[in-house]
Amino acid sequence: EDKVVQSPLSLVVHEGDTVTLNCSYEVTNFRSLLWYKQEKKAPTFLFMLTSSGIEKKSGRLSSILDKKELFSILNITATQTGDSAVYLCAVKLFYNTDKLIFGTGTRLQVFP
Amino acid sequence: DTEVTQTPKHLVMGMTNKKSLKCEQHMGHRAMYWYKQKAKKPPELMFVYSYEKLSINESVPSRFSPECPNSSLLNLHLHALQPEDSALYLCASSHPTSGGAVDPGELFFGEGSRLTVL
């Protein structure tokens, strides 16, 4: 059975801290790994990773994929209260069409 | 236009009612998805349409009936639902895979329809 697991489930930090969120997967027909941020409703896209070892960066957020060890990390530096959200990792599987399977999510709370 | 629009935003229905959720996108995407999300849980895939044809049904009960009348619209018809079906229903769209090596990219999500079944 395809499985995507995130850790930690929950994280509470103070503004300015750096956090690392983890995502590991065991799936067949891996195509790519995506990170989303969900605050109240729609998940919003952060990164898509298809190749190992190539860091993707956007402002204070960065992410990298290790296809040999089957995991990805999402780093957030100098956290702000606006970073408080659920961070979802999702793996895209390739069959005759694309299928996106979400991980359990990490709930991040950033306090001033 | 990079929006996926879902209506209604909120829906309350009884177990004997028939209702529909609607989703619309104008990004030229030919793959559309329905996800179900319970509180404090990740989204769970229900259906995938590719080029207006149903390509994935994740063993969803028949009281949920999807429909894709054209490349911009996706509906979810609801009938004889149970209270445990109460959830946030998310629609998403993307470029479809063409079977090639190039990943067609991310899914764009709508804000969801929050359904309560009494």
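The rules behind these values
- Residues numbered from 1 in each chain as written.
- Chains lettered and ligands numbered in written order.
- Predicted model: local features only at pLDDT ≥ 70, side-chain atom pairs only at ≥ 80, totals over all residues.
- Heavy atoms only, no water.
- Helix = DSSP H or I, 4+ residues; strand = E, 2+ residues; numbered from the N terminus.
- Rg over C-alpha atoms; globule rule 2.2 N^0.38 Å.
- Buried < 20%, exposed > 50% of the residue type's maximum accessible area, 1.4 Å probe, protein only.
- Contact = heavy atoms within 4.5 Å.
- Areas by Shrake-Rupley, 256 points an atom, 1.4 Å probe, with all protein chains shown as cover.
- Pairing = 2+ DSSP bridges.
- Axes fitted to C-alpha atoms, helices over the stretch in contact; angles between N-to-C directions.
- Buried area = accessible area lost by both parts, 1.4 Å probe.
- Salt bridge = Lys/Arg side-chain N within 4 Å of Asp/Glu carboxyl O.
- Polar contact = N/O pair within 3.5 Å; in protein donor to acceptor, adjacent residues only side chain to side chain.
- Nonpolar A, V, L, I, M, F, W, Y, C, P; charged D, E, K, R; others polar.

1. Some remarks on the overall build of chain B
Step number 1: When you go through chain B residue by residue, the secondary structure sums to zero helices and 11 strands.
Step number 2: Order of helices (α) and strands (β) in chain B, N terminus to C terminus: β-β-β-β-β-β-β-β-β-β-β.
Step number 3: In terms of overall size, chain B behaves like a compact globule, its C-alpha atoms giving a radius of gyration of 14 Å where 118 residues would be expected to give roughly 13 Å.
Step number 4: With the C-alpha coordinates of chain B rotated into their principal frame, the extents come out at 45 × 30 × 30 Å.
Step number 5: Within chain B, buried positions represent 47% of all 118 residues.
Step number 6: Intrachain contacts of chain B at a sequence separation of at least 6 include 57% that bridge at least 24 residues.
Step number 7: Just so you have it, chain B exposes about 5,700 Å², and 51% of that area is on carbon and sulfur atoms.

2. Structural notes on the sheet that holds strand 3 (residues 18–25) of chain B
Residue and element names in this part refer to chain B.
Step number 1: With antiparallel pairing, four strands are arranged side by side in an open sheet as 1-3-8-7. The outermost strands of the open sheet, each flanked by one partner alone, are strand 1 (4–7) and strand 7 (64–70). Sheet twist, expressed as the mean angle between neighbouring strand axes with direction ignored, is 20°.
Step number 2: Pairing geometry for strand 3 and strand 8 (residues 73–79), over seven bridges, is antiparallel. Counted as the bridge partner of K19 is L78 from strand 8.

3. Focus: the pairing of strand 5 (residues 44–49) of chain A
Residues and elements named next belong to chain A.
Step number 1: In this structure, strand 4 (residues 30–38) lies alongside strand 5, joined through five bridges in antiparallel fashion. Each residue of the ladder has a partner; that of Y36, found in strand 5, is F45.
Step number 2: Connecting strand 4 to the next strand, strand 5, in antiparallel fashion are five residues.

4. Let's talk about the interface of chain A and chain B
Step number 1: Listed as interface residues are 23 residues of chain A and, on the opposing side, 26 residues of chain B.
Step number 2: Of the roughly 2,100 Å² buried between chain A and chain B on both sides combined, carbon and sulfur atoms contribute 58%.
Step number 3: For the pair chain A and chain B, the interface holds one salt bridge.
Step number 4: Where chain A touches chain B, the interface holds five residue pairs in polar contact (both at pLDDT 80 or more).
Step number 5: For the side of chain A that touches chain B, the element with the highest residue contribution is strand 4 of chain A, accounting for five residues.
Step number 6: Of the residues contributing to the side of chain A that touches chain B, the split by class is 10 nonpolar, seven polar and six charged.

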